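Coordinate analysis (summary)
One-letter residues, chain by chain:
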Amino acid sequence: MVGLTLSLLAGLLLWTVAHRDAQTAFTVVRPKRFTADTVVIDAGHGGEDGGAVSQSGTVESQINLAVARRLDEIFGLYGVDVKMLRTEDAALYSDGVNTLREKKVSDIHNRVKMIESVPNATLISIHQNTYPSTKFHGAQVFYSNETLSCPLAQFVQETLRTVLDPSNNRKAAKISDSVYLMNHISCRAILVECGFLSNPAEDELLCTEAYQTKIAAALGAAYLGFTQEEMTS
Ligand SMILES: [Zn+2]
């Protein structure tokens, strides 16, 4: 039942995004139940910090931003409050820092501060995976705080499996202690590795607008579906 509801919701979201130019003709419905929380969307990396780079030259930060923008658009259509940590290809470090290392540290500290300043926040941090071997592929969701974030992470993982690739058997997993941002925030938070840039086929797929939209629609459907279940349970 949940799977069916999600499929329908994801289908509706995909249709909505595909026809978004026509949306101006409609009144946007803002259901009250979706407005209590703010979704903070973190497009990982940016500017000098491109994150992972694929063999074909795909820069992770740009895929992250493309998916984040689409997710922001989808949430906008459904009346969800969104705070985007970045909307351009730029890092978020403070003035007065010089080396790349200082910039990275300042950028991460600023992201933490921005997230912590949002009341009732749910963080969706968007990244792309990479691995020395080319064989690994598939989206995976990570969380830090088990009680607070694991149920959402599992729900999102299941939705990504249903919508993107039914053969993806990856499970939502606890994130490494070394990921500073995810371990220094207090809100519900998930980090989504949308796919592996080290896998040539997935790299190619991740570069297409259609697949970026599909990922965003799956993430949007998962958040809305999870929120709805929370409200009714
Ligand atoms: Zn990353």
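Everything numeric here is computed off the predicted structure, so don't read it as measured data. (Residues numbered from 1 in each chain as written. Predicted model: local features only at pLDDT ≥ 70, side-chain atom pairs only at ≥ 80, totals over all residues. Heavy atoms only, no water.)

1. A closer look at the pattern of salt bridges
Threshold: Salt bridge criterion: a side-chain nitrogen from Lys or Arg within 4 Å of a carboxyl oxygen from Asp or Glu. Numbering goes from the N terminus for both helices and strands, where a helix is a DSSP run of H or I of at least four residues and a strand is a run of E of at least two. Buried means the residue's accessible area, taken with a 1.4 Å probe over protein chains only, is under 20% of the maximum for its type, while exposed means over 50%, and partly exposed covers the values in between.
Taken as a whole and judged by the stated rule, the model has 7 salt bridges. Between Arg-111 and Asp-42 there is a salt bridge, and its shortest N-O distance comes to 2.7 Å. Here Arg-111, found in helix H3 (residues 100-116), pairs with Asp-42, found in strand E1 (residues 38-43); they are 69 residues apart in sequence, far enough to count as distant. The two residues Arg-111 and Asp-42 agree in class, both being buried. The salt bridge partner of Glu-209 is Arg-70, with a shortest N-O separation of 3.7 Å. Within this pair, whereas Glu-209 is found in helix H6 (residues 209-232), its partner Arg-70 is found in helix H2 (residues 60-77), the two being separated by 139 residues in sequence. Taking the relative accessible area as the measure of exposure, Arg-70 reaches 13% and is therefore buried.

2. Quick notes on the packing of aromatic side chains
How we decide: Planes of paired rings set the category: under 30 degrees apart is stacked, over 60 is edge-to-face and the rest tilted, where pairs are Phe, Tyr or Trp rings (Trp by its six-membered ring) whose centres lie within 6.5 Å.
The final tally for this structure, using the stated rule, is 3 aromatic pairs. With a centroid separation of 5.4 Å and an interplanar angle of 75°, the aromatic rings of Phe-75 and Tyr-223 are classed as edge-to-face. Linking Phe-75 in helix H2 with Tyr-223 in helix H6, this pair joins segments that are 148 residues apart in sequence. Phe-75 sits in the buried class, given a relative accessible area of 0%. Judged by its relative accessible area of 2%, Tyr-223 is buried.

3. Regarding the nonpolar core
Note the threshold: Among buried residues, those of type Ala, Val, Leu, Ile, Met, Phe, Trp, Tyr and Cys that are joined through side-chain atoms within 4.5 Å constitute a nonpolar core.
Judged by nonpolar contacts, the single largest core of 43 residues is most densely connected at Ile-126, Leu-160 and Leu-219. Elements with a minimum of two residues in this core: E1, H2, strand E3 (121-129), strand E4 (140-143), helix H4 (146-164), strand E6 (188-196) and H6. In terms of residue count, H6 provides more of this core than any other element does, 10 residues in total.

4. Observations concerning the pairing of E3
Look at any regular strand and the pattern is simple: side chains alternate between the two faces of the sheet. For the record, the criterion: The pairing criterion is simple: DSSP has to find at least two bridges between the two strands.
Among the 9 residues of E3, 9 are classified as buried, and the element is accordingly described as predominantly covered. Burial along E3 is two-sided: Ala-121, Leu-123, Ser-125, His-127 and Asn-129 facing one way and Thr-122, Ile-124, Ile-126 and Gln-128 facing the other are all buried. Pairing of E3 with E6, which is carried by 7 bridges, proceeds in the parallel orientation. Paired with Ser-125 across the bridge in E6 is Leu-191.

Read these as layout, nothing more, since geometry by itself doesn't imply function.
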